[in-house]
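Examination of the molecular architecture
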Amino acid sequence: MPAHDEVDRIVDAWLRERPDLDFAPLQVLSRVGRLSKHLDRARRTAFSRSELDSWEFDVLSALRRAGAPYELSPKALLQQTLVSSGTMTNRIDRLVERGLVTRRTDPNDGRGIFVSMNPAGLTRVDAAITRLVDAEAELLATLSPAEQTALAGLLRKLSLGFD
């Protein structure tokens, strides 16, 4: 492993120019930002190989995690994907057009609907999550299992303030 990475070089240059500032946050968050770009690339590749866009994966994975019969209300999908109701309606329409989900009326409330994943959606989301987990494991391969657990705990602690 190299003694210095690009973030070290950037921080060293800033320290030379602005020794009055504490660059400790850059040491962490610049690396998180750089790693995020690698993760985005791995995700795009995993989803693309499964013929899905990232937003399609988000909706289908929410349905998959719900368990059989793989259906949720649009409201539940909104809560899990953090998009507006108009955006969700558009996404459901597009997934219906692609034959990945269907809409059905809620039998207990004729005004409500459920979005159900079709077998084609199930096949694609399962392929995508398998590819994604494999790609993410590859990104973390330089860390031991104990280091991965420690890093996950620290990142969880940091992210709790934002969720």
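Described in the following lines is the structure provided in the data block. Predicted model only: the values in this text are computed from it and were never measured. Every residue gets a number counted from 1 within its own chain, in the order that chain's sequence is written. Side-chain atom pairs in this predicted model are given and counted only at pLDDT of 80 or more, local residue features only at pLDDT of at least 70, and totals for whole chains, interfaces and linings cover all residues. Only hydrogens and water are set aside; all other atoms, that is, all heavy atoms of the structure, feed into the side-chain values.

**Overview of the pairing of strand S3 (residues 109-117)**
Taken together, the 2 bridges between strand S1 (residues 71-72) and S3 define a ladder with antiparallel strand orientation. Each bridged residue has a counterpart across the sheet, and for Glu-71 the counterpart in S3 is Ser-116. Relative to S3, strand S2 (residues 101-106) runs antiparallel, the two sharing 6 bridges. Paired with Asp-106 across the two strands is Asp-109, which belongs to S3. At least two DSSP bridges between two strands are required for those strands to pair. Comment: elements are numbered from the N terminus, with helices defined as DSSP H or I runs of at least four residues and strands as E runs of at least two. Between S2 and the antiparallel strand that follows it, S3, lie 2 residues.

**Describing the pattern of salt bridges**
Salt bridges are defined by distance alone: a side-chain nitrogen of Lys or Arg within 4 Å of a carboxyl oxygen of Asp or Glu. Within this structure, the stated rule accounts for 11 salt bridges. Taking the shortest distance from any N to any O, the salt bridge between Arg-9 and Glu-6 comes out at 3.1 Å. Placement of the pair is Arg-9 and Glu-6 together in helix H1 (residues 6-17), with a separation of 3 residues, close to one helical turn. Exposed residues in this analysis have more than 50% of their type's maximum accessible area, buried residues have under 20%, and partly exposed residues fall in between, with area computed by a 1.4 Å probe over protein chains only. Classification of Glu-6 as partly exposed rests on a relative accessible area of 35%. Its salt-bridge partner being Glu-71, residue Arg-104 comes within 2.6 Å of it at the nearest N-O pair. Residue Arg-104 is found in strand S2, and its partner Glu-71 is found in strand S1; the two are separated by 33 residues along the sequence. Salt bridges linked by common partners bring Asp-5, Asp-8 and Arg-31 together as one network.

**As for helix H2 (residues 24-49)**
To estimate the expected span of a helix, count its residues, drop one, and scale the result by 1.5 Å. Helix length check: H2, at 26 residues, gives a terminal C-alpha distance of 38 Å against a target of 38 Å (1.5 Å per residue), a fit within 8%. Regarding H2, the residues found buried are Ala-42, Ala-46 and Phe-47. Pairs of residues are marked as contacts when any of their non-hydrogen atoms sit within 4.5 Å. Check the buried side of H2 and you find it contacts helix H3 (54-65) and helix H6 (119-139). In the segment just after H2, Glu-51 is the residue with positive phi, at about 60 degrees.

**Considerations on the layout of surface pockets**
Of the pockets and cavities examined, the largest pocket occupies roughly 1,400 Å³. Space inside and on the surface of the protein is sampled on a 1 Å grid over the protein atoms alone, with a cavity defined as a set of points where a 1.4 Å probe fits but cannot get out and a pocket as an open set with protein on both sides within 12 Å along at least 5 of 7 lines; lining residues have an atom within 4 Å of a point. For the largest pocket, the lining is made up of 30 residues, of which Arg-31, Leu-35, Leu-140, Leu-143 and Leu-151 are closest to its centre. Put simply, the parts of the chain that give the lining of the largest pocket at least two residues each are H1, H2, H6 and helix H7 (145-159). Element by element, the count of residues in the lining of the largest pocket is highest for H2, at 11 residues. Partitioned by chemical class, the residues of the lining of the largest pocket number 16 nonpolar, 6 polar and 8 charged. Grid points are joined across faces, edges and corners, and a volume is the space filled by probe spheres set on the points. Under the scheme applied here, ten amino acids are nonpolar (Ala, Val, Leu, Ile, Met, Phe, Trp, Tyr, Cys and Pro), four are charged (Asp, Glu, Lys and Arg), and all others, including Gly, are polar.

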